[in-house]
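Listed below are the residues making up each chain.
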Amino acid sequence: MSIVNESIFRVYDIRGKYPDEINEEAVFKISAALVEFLNPDKLIVAHDGRKSSELLKESVMTAIMASGADVIDIGLASSPLFYFTVNRLAAGGGVMITASHNPPDYNGLKLVREKAILIGQSNGLSEIKKTAENIVINKIRKGEVIKKDLSKEYENYLFKKAGIDKEPEIKDIRFEFDSDSDRLLVYEKGKQIRADLLSGVIIKDFLDKKSFLSGIFRKPIFIYDFRFSKAIPEYILQSGGEAICSRVGHFFIKEAMRRNRAFFGAELSGHFYFKDVFYVEVPILMKLKLLKIMNETGESLAELIKPFEKYFHSGEINIEASDQKQAASLIQRLKENYKDGKIDELDGITIGYPTTSFGTSWWFNLRPSNTEPVLRLVVEAETQYVLDQKIKEISDFIEQRVTP
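Residues numbered from 1 in each chain as written. Predicted model: local features only at pLDDT ≥ 70, side-chain atom pairs only at ≥ 80, totals over all residues. Heavy atoms only, no water.

Colleague: Please explain the sheet that holds strand 9 (residues 191-193) as it appears in this structure.
Modeller: Within a sheet, neighbouring strands are paired by backbone hydrogen bonds and run either parallel or antiparallel to one another. Overall, antiparallel pairing links the three strands, which are arranged 7-8-9 in an open sheet. Pairing within the sheet leaves two strands with one partner each, and these edge strands are strand 7 (173-177) and strand 9. Between one strand axis and the next, the sheet turns by 35° as a mean value, whatever way the strands run. Strand direction decides the pairing type here: strand 8 (residues 184-188) and strand 9, joined by three bridges, are antiparallel. (Pairing = 2+ DSSP bridges. Helix = DSSP H or I, 4+ residues; strand = E, 2+ residues; numbered from the N terminus. Axes fitted to C-alpha atoms, helices over the stretch in contact; angles between N-to-C directions.)

Colleague: What is the right way to look at helix 3 (residues 79-88) in this model?
Modeller: Every α-helix winds through 3.6 residues per turn, so residues three or four apart in the chain are directed the same way. Extensive coverage of helix 3 is indicated by the burial of nine of its 10 residues. For helix 3, the full list of buried residues reads Ser79, Pro80, Leu81, Phe82, Tyr83, Phe84, Thr85, Val86 and Asn87. (Buried < 20%, exposed > 50% of the residue type's maximum accessible area, 1.4 Å probe, protein only.)

Colleague: Is there a simple way to explain the environment of Asp172 in this structure?
Modeller: Checked against the element boundaries, Asp172 lands in the loop between helix 5 (151-162) and strand 7. Between the C-alpha atom of Asp172 and that of Lys191, which follows or precedes it by 19 residues, the distance is 9.9 Å. Sequence-distant contacts of Asp172, defined by excluding residues within four places in its chain, comprise Tyr187, Glu188 and Lys189. (Contact = heavy atoms within 4.5 Å.)

Colleague: Any chance you could explain the sheet that holds strand 13 (residues 272-274) here in plain terms?
Modeller: Ordered by their spatial adjacency, five strands build an open sheet running 11-10-12-13-14, and the pairing between neighbours is mixed. Edge positions in the sheet fall to strand 11 (242-246) and strand 14 (280-281), since each of these pairs with one other strand and no more. Sheet topology places strand 13 next to strand 14; two bridges connect them, and they run antiparallel. What sits directly across from Phe274, in strand 14, is Val280.

Colleague: Can you walk me through the pattern of salt bridges in this structure?
Modeller: For the coordinates displayed, the defined rule picks out 28 salt bridges. Linking Arg174 and Glu176 is a salt bridge whose minimum nitrogen-to-oxygen distance equals 2.2 Å. Where Lys254 meets Glu281, a salt bridge forms, and the shortest distance between an N and an O atom there is 2.8 Å. One end of the pair, Lys254, is in helix 9 (residues 250-260); the other, Glu281, is in strand 14, with 27 residues separating them in the sequence. We note that Lys254, like Glu281, is buried. A single salt-bridge network, built from bridges that share partners, covers Asp225, Arg227, Glu267, Glu316, Asp347 and Arg367. (Salt bridge = Lys/Arg side-chain N within 4 Å of Asp/Glu carboxyl O.)

Colleague: Explain the environment of Thr98 here, please?
Modeller: Locating Thr98 in the fold gives a position in the loop between strand 4 (93-97) and strand 5 (106-113). For the pair Thr98 and Ala46, spaced 52 residues apart in sequence, the C-alpha separation works out to 8.8 Å. Not counting residues up to four positions away in its chain, the partners in contact with Thr98 are Asp48, Ser79, Asn107, Gly108, Leu109, Lys110, Ser179 and Asp180. A distance of 2.7 Å separates a polar atom in the side chain of Thr98 from a polar atom in the side chain of Asp48. (Polar contact = N/O pair within 3.5 Å; in protein donor to acceptor, adjacent residues only side chain to side chain.)

Colleague: Looking at this model, I keep getting lost on the nonpolar core. Mind explaining?
Modeller: One recurring pattern in soluble globular proteins: nonpolar side chains tend to sit buried together. In this structure, Phe82, Phe264, Phe272, Phe274, Met286, Leu290 and Leu301 are the most contacted members of the largest nonpolar core, which totals 67 residues. Counting residues per element, this core draws most heavily on helix 6 (residues 195-208), which supplies eight residues. Residues in contact with Met286, not counting those within four places in the same chain, are Leu184, Leu198, Ser199, Ile202, Phe264, Phe272 and Phe274. Core analysis: the next-biggest nonpolar cluster, separate from the first, contains 31 residues, Ile8, Val60, Met61 and Ala69 among them. (Core = buried A, V, L, I, M, F, W, Y, C linked by side-chain atoms within 4.5 Å.)

Colleague: Just to check I follow, could you spell out the packing of aromatic side chains for this structure?
Modeller: Given two aromatic rings, their pairing is described by the distance between the two centres and the angle made by the two planes. By the definition in use, this model includes 19 aromatic pairs. With 4.9 Å between their ring centres and 40° between their planes, Phe84 and Tyr154 make a pair best called tilted. Linking Phe84 in helix 3 with Tyr154 in helix 5, this pair joins segments that are 70 residues apart in sequence. In terms of burial, Phe84 and Tyr154 fall into one category: buried. Their ring planes at 90° and their centres at 5.2 Å tell us that Tyr235 and Phe308 sit as a pair that is edge-to-face. In this pair, Tyr235 is assigned in helix 8 (residues 231-238) and Phe308 in the loop between helix 11 (301-304) and strand 15 (312-313), connecting sequence segments 73 residues apart. The class for Phe308 is buried, based on a relative accessible area of 2%. Through a chain of ring-to-ring contacts, the aromatic side chains of Phe206, Phe222, Phe263, Phe264, Phe272 and Phe274 assemble into a single cluster. (Phe/Tyr/Trp six-rings, centres within 6.5 Å; stacked < 30°, edge-to-face > 60°.)

Shown next as structure tokens:
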């Protein structure tokens, strides 16, 4: 039986509990399979701050070198710095050891190819999994480890992209990052500001700057996920841009951005992507751009997001599900229960009602998480009353059918 636990292979990365599901032996085989898949001269390797990450990194680097490729070790680093380094050093790909926002007892791998293009199930991860199960290393050449630190260069690069020399000092604002620093949470006076509303601020800034659009012979394109307030795509369309909805997850957002050459993309979870930074998450650039806009306008975030607060939005509500089979069953039952609505099944199920007996519109999305055993629910309505009624209605419907 293979030592590689199949359950750790997710839609667009590798995650599991350490050491029961993911361990040194598993990442050794996966890393060797990655070298066979990419055939690179060098791979970038980085890790987050989890206790198990450095242990896993030793196995990752050993496998890569034994397979004939060099390792550029950038040590403890954020995922965005890892992506930057892959691009800056023109590496054939890399391995980021992290389980992102999962609990401390989890760990995982993000695998990328050249240009930091994420490897998911649809573009190589399934093949890597199959190779890892029975891989044999027969390389004559052994790779070497080269240590690099591009953190200062990356910092200067982001300030230049933001168009500022130093970080503006703004009161009552706080920024938080997750464990691998690819997700940004923003608080003003202690209140968290939703990522879709923050995205609206950035998109408006893009569209307001005529010099940015000069010489462009097509509509500027922006990518958003299904959980966003519909106020965001409405604003983009009204302002002469094009809004494209994507499945949730950085693999899908990045793919949509590259395919459409989109200027900016974002997720409700706090991931923000920029075309001119390799189509990857750049939370520090997002932070700098928000501070710059606030500094230039003299407005608070509460004032800047006001044009996009047209509707009442639930945010994301997590509902425990025992397994994928139960999640699929619940989604099917909801589809049948709300069959009179407008149904979209691109990501889980999204059902909308342009008008109701209350005279207002509303919609909801329910989707299984790509990283945790939960269902994620988002509801939006034109009034707080309808929002509260529909959250209760859908939650009660689900709870009555969830088996403990």
